[in-house]
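# Structural features, examined
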Amino acid sequence: MLKSSNFNSVISEQLAADQTASDQRNRLNAATKATTDNSTCWSAINQDALGGSLAAVQLSAGVLQIAEPPLDRVRSQLRELIGKQNKIYIDLSKEKYKLDCSEVARLNDMMGDVKRYKEKLTRVKREMQGIYQRTKELKKRAANVAACKQRDYQRKLERQQHEESLIGSQKTQ
């Protein structure tokens, strides 16, 4: 933006300087016409004193007549070019703004997705911790049940052996 505005201000200053020079040339042309029209009214002394400057004025008027039309054409082309450049710059700025807005919207969508996935992740983590705790408790209970069954089985065997020993001792008597 700064480069474009600096460039535009430099061009504007150049165009203003060209306009000032053009105005001065127009005044010089008017003075030259007046001097050529009024040259018969001048005295011989004025013509001798201004003779060199009159030639210079006429010479500069001739050069201006040759150089001024192309300069005016170039000046108008420069104005047109600056206008087109400004239009392109504005269009590019609008496109950049649109892209920036779409990127911000896309970034907001992504941030929303991140938030949603984080919530899902914490929920899954909680569920997994719950499942782990239940599994741990079930293993503990299974170990207790197995130990109880083992003790019951052991007691049953002992009782059975005790009964067999009592039955065996009664038969021998």
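Conventions adopted
- Residues numbered from 1 in each chain as written.
- Predicted model: local features only at pLDDT ≥ 70, side-chain atom pairs only at ≥ 80, totals over all residues.
- Heavy atoms only, no water.
- pLDDT = per-residue confidence, 0-100.
- Contact = heavy atoms within 4.5 Å.
- Salt bridge = Lys/Arg side-chain N within 4 Å of Asp/Glu carboxyl O.
- Helix = DSSP H or I, 4+ residues; strand = E, 2+ residues; numbered from the N terminus.
- Buried < 20%, exposed > 50% of the residue type's maximum accessible area, 1.4 Å probe, protein only.

What follows deals with the confidence of the model for the protein. In this model, the protein carries an average pLDDT of 80, and 69% of its residues clear a pLDDT of 70 or more. Contacts for the low-pLDDT stretch residues 34-49, under 50 throughout, to residues beyond four places or in other chains number 7 contacts.

Taken as a whole and judged by the stated rule, the model has 7 salt bridges. Between Glu80 and Lys84 there is a salt bridge, and its shortest N-O distance comes to 3.2 Å. Of this pair, Glu80 and Lys84 both sit in helix 2 (residues 44-171), 4 residues apart, which is roughly one turn of the helix. The class for Glu80 is partly exposed, based on a relative accessible area of 47%. Residues Asp113 and Arg116 are paired through a salt bridge, measuring 2.2 Å at the closest nitrogen-oxygen approach. Placement of the pair is Asp113 and Arg116 together in helix 2, with a separation of 3 residues, close to one helical turn.

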